[in-house]
Amino acid sequence: MMTSIRALGMVLFLLFAVVANAQERPWGDALKGSGNYDDFEKPQRCASCHKDFARQYEQAMMSQAYTHSWDEIEYFKLAVPHGKKDPKFDPVQEGCNGCHAPLAFIAGDVPPPKPFTGSRADESVSCDICHTITGSGEEPPFNFSYTIEAGKTKLGNRDGLVSPHHETRKHDFTVSPELCGSCHNEKNPWDLWVKSTHLEWKEGPYSKEGQRCQDCHMPAAPGRNSMMSKEHADIAQHLFTGAHSPARLAGAVELSVFPDIREIVPGETMKITVACFNHKVGHKIPSGSVEERQLWLTVTAIDAEGKVYHLPVDKKGFEGEEYTISSNELAFQDMGYMMDIPDFKGLPRDALPYEGDRVFRMAYFDPEDRMTIAQWNTARFGTDYRIGPRETKLETYTWKLPDNLPLGKVRVVAEMQYRRLIKSVGEYLGVPAEEMKAEFINRAETQFETVDY
Ligand code: HEC
Ligand code: HEC
Ligand code: HEC
Ligand code: HEC
Ligand code: HEC
């Protein structure tokens, strides 16, 4: 009897604790309006002691998640008007801020004042946001499911440190990839995982080996973590380089190219193979904003007289393959509805230098089954033809050599490039050209000889 009363008491206590905890610390949509701007300290305050981290972090995209021009354009030209026209999307446009402008979201200031008008929304994902996040209300984490307790205690990765400005302690959630997942996984109104960087990592080989997001995006180096602290051997650098860093993109996929024959008579047919090995990325490439990223492979042959031949990729025959081969047919018609442009015909789908190149991607389709760059307006995915962590994809190029190909050496060049935003879309919306720049991923070369038998 005694023990069962005690057990009941325990259950009630636990229940109360869970409920109280849930009431105290909202997450997701309930974060909206749950606090004030003043609850959080400005990054400049942290910078006065953690100078190196501040200088590193202000170059990273997360410190500009609200002010960066393409974010501003997509939010104010497409998402906000879409929410006004169609109430279903109103909570969605509010939710953008849960990840891009957490301070404004928590303060209930949505849509926030436009960037660079002096509001604290500009602080984007600030130091004090990450260092006061306590956990996730969802498992797996997604859609700003973080719980947060602003205040004196800054959660970190070491125990027993002393700061004149704040309390600090090691916190399991801060050092976990789930912290990142709370913003790097996103589910849209159709329950589709329109961002799944954390889930891709979790399913892949790196999570099994214990290599976290932090280990690649905040690599450890000897040094000091504030101007007044002692040296540690493994200080977590706040670099967070990603798709905006040419150095991080370079070499992300290794390429090898080889022909099936070394000596061949003009007029005959041969096959060239390119192996694409993702040996550097802890998740799929592209990841994150998959709807607007392009990773593509161009293969050209250069004959003995310097003439260049573009080789289109061989079709493999899988369903939906047409969306993984570059084409300029029209797409993105849903932008016309959002922007109130009647009879909007759409924009060239890939706008790449050549048609017929392999594009490693997963296409996003709107409810009318047209390709879209609005992840919130995505009702279906195309075939996932991205390159997974440590995956190798082989692409082949069958080439019937021209009869008049000059005799001698033929060089074959495979080049992989990456674009953050589809050129036609960016140009149409007035996004700065930098955002549509083709970035170099890798290049490989082989050769064969044309002979006269
Ligand atoms: C007056 C100086 C000062 C200011 C201002 C300051 N810190 Fe610190 N902070 C320190 C010192 C000193 C330590 C302890 C460093 C050590 O001993 O290695 C520390 C430690 C930390 C740690 C724990 C590091 C670990 O390895 O676990 C975090 C996290 C942190 N600070 C975040 C912040 C954030 C976020 C802000 C701004 C909201 C901030 N700090 C403002 C001086 C400061
Ligand atoms: C996107 C989230 C995020 C942001 C933004 C962020 N940090 Fe951190 N910070 C982390 C994580 C995660 C760690 C622990 C790294 C690890 O586990 O390897 C960390 C570690 C630290 C440490 C301890 C480093 C060490 O190895 O001792 C300090 C100090 C710190 N951060 C201060 C700051 C300051 C100052 C800023 C703003 C300029 C900032 N952080 C912005 C996530 C963040
Ligand atoms: C509060 C939400 C939030 C959290 C927590 C968060 N991120 Fe981010 N992160 C973002 C947003 C939003 C962007 C997009 C910034 C932009 O380009 O507008 C981003 C961008 C990035 C990028 C840059 C991508 C590029 O295009 O260059 C990297 C890398 C990154 N995050 C890594 C991390 C890691 C690692 C963690 C965990 C330690 C983390 N993030 C935690 C919201 C978050
Ligand atoms: C083994 C190292 C490694 C690990 C682990 C890793 N990444 Fe990355 N990440 C990379 C590389 C390399 C790139 C650049 C290629 C690219 O953009 O896909 C990248 C790119 C990114 C980007 C930009 C993606 C895009 O295409 O816009 C984000 C965001 C990101 N990582 C977040 C994370 C998060 C969150 C985790 C943990 C869940 C993580 N990364 C784990 C290596 C890693
Ligand atoms: C669950 C968190 C989350 C939500 C909600 C969210 N985003 Fe993002 N957003 C991110 C992250 C993380 C990235 C970076 C992904 C990557 O690197 O590819 C990003 C990237 C972007 C980018 C591309 C940035 C670049 O530099 O290329 C734009 C534009 C953008 N978001 C706009 C929006 C809009 C508009 C909404 C609302 C309709 C929204 N986001 C909702 C987390 C979120």
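### Quick word on the site of ligand 5
Line of reasoning, step 1. As a matter of local geometry, ligand 5 sits amid 25 residues, with Cys96, Cys99, Glu186, Gly288 and Ser289 nearest to it.
Line of reasoning, step 2. A total of 7 residues in the shell around ligand 5 trace back to one element, the largest contributor, which is helix H5 (residues 90-100).
Line of reasoning, step 3. Counted by class, the shell around ligand 5 contains 11 nonpolar, 10 polar and 4 charged residues.
Line of reasoning, step 4. Each of two domains, domain 1 (21-236) and domain 2 (246-450), supplies a minimum of three residues to the shell around ligand 5.

### Examining helix H8 (residues 177-184)
Line of reasoning, step 1. Most of H8 is tucked away: 7 of the 8 residues are buried.
Line of reasoning, step 2. Buried within H8 we find Pro177, Glu178, Leu179, Gly181, Ser182, Cys183 and His184.

### Here's the deal with the packing of helix H4 (residues 69-85) against H5
Line of reasoning, step 1. Between H4 and H5, the shortest axis-to-axis distance is 7 Å and the interhelical angle comes to 155°. Taken as axis vectors, H4 and H5 run roughly antiparallel relative to one another. Read as a crossing pair, H4 and H5 show a hand that is left-handed. Across the interface between the two elements, Asp71, Tyr75, Ala79, Val80, His82 and Gly83 from H4 touch Asp90, Val92, Gln93, Cys96 and His100 from H5.
Line of reasoning, step 2. Residue composition of the contact of H4 with H5, by class: 5 nonpolar, 4 polar and 2 charged.

### Quick notes on unusual backbone geometry
Line of reasoning, step 1. A cis geometry characterises the amide bond from Glu139 onward to Pro140, with omega recorded as -5°.
Line of reasoning, step 2. Along the chain, Pro140 falls in the loop between strand E1 (133-136) and strand E2 (146-148).
Line of reasoning, step 3. That bond from Ile285 to Pro286 is cis: its omega, -5°, falls within 30 degrees of zero.
Line of reasoning, step 4. By the element assignment, Pro286 lies in the loop between strand E11 (269-278) and strand E12 (294-302).
Line of reasoning, step 5. The backbone of Ser124 shows a phi angle near 55°, a positive value even though the residue is not glycine.
Line of reasoning, step 6. In this structure Ser124 comes out as buried when scored by C-beta crowding, with 25 C-beta atoms within 10 Å.
Line of reasoning, step 7. In this model, Ala351 sits at a positive phi of 45°, which is unusual for a non-glycine residue.
Line of reasoning, step 8. Assignment of secondary structure puts Ala351 in the loop between strand E15 (347-348) and strand E16 (358-359).

### Describing the domain arrangement of the protein
Bring the parts together and some accessible area is lost; that lost area is often taken as the interface size.
Line of reasoning, step 1. By domain assignment, the protein separates into domain 1 (21-236) and domain 2 (246-450).
Line of reasoning, step 2. Summarising the inter-unit geometry, the C-alpha centres of domain 1 and domain 2 are found 33 Å apart.
Line of reasoning, step 3. With 26 residues of domain 1 at the interface, the matching set in domain 2 holds 23 residues.
Line of reasoning, step 4. Taken together, the elements giving at least two residues each to the side of domain 1 that touches domain 2 come down to H4, strand E6 (193-196), helix H9 (197-203) and helix H10 (205-208).

### Some remarks on the site of ligand 4
Line of reasoning, step 1. Taken together, 26 residues form the shell around ligand 4, and within it Cys213, Cys216, Gly242, Ala243 and Gly282 come nearest.
Line of reasoning, step 2. Of all the secondary-structure elements, those providing two or more residues to the shell around ligand 4 are H8, H9, helix H11 (213-217) and helix H12 (246-249).
Line of reasoning, step 3. Counting contributing residues per domain, the shell around ligand 4 is built from domain 1 (21-236) and domain 2 (246-450), each supplying no fewer than three.

### Regarding H4
For an α-helix the count is 3.6 residues per turn, leaving residues at separations of three or four pointing the same way.
Line of reasoning, step 1. Helix length check: H4 (17 residues) gives 23 Å between terminal C-alpha atoms against 24 Å at 1.5 Å per residue, within 8%.
Line of reasoning, step 2. At Tyr75, H4 is deflected by roughly 35°, the largest bend along its length.
Line of reasoning, step 3. Looking only at H4, the buried set comprises Glu74, Tyr75, Leu78, Ala79, His82 and Gly83.
Line of reasoning, step 4. Elements that come into contact with the buried residues of H4 comprise H5 and helix H13 (334-338).

What counts and what doesn't
Residues numbered from 1 in each chain as written. Chains lettered and ligands numbered in written order. Predicted model: local features only at pLDDT ≥ 70, side-chain atom pairs only at ≥ 80, totals over all residues. Near = placed C-beta within 6 Å. Helix = DSSP H or I, 4+ residues; strand = E, 2+ residues; numbered from the N terminus. Nonpolar A, V, L, I, M, F, W, Y, C, P; charged D, E, K, R; others polar. Domains from an automatic or database assignment. Buried ≥ 20, exposed ≤ 12 C-beta atoms within 10 Å, placed from the backbone. Axes fitted to C-alpha atoms, helices over the stretch in contact; angles between N-to-C directions. Parallel < 35°, antiparallel > 145°, perpendicular 65-115°, else oblique. Left-handed = near helix turned anticlockwise from the far one by under 90°. Contact = placed C-beta atoms within 7 Å. Expected span 1.5 Å × (residues − 1). Bend = angle between axes of the 7 residues up to and from the residue.

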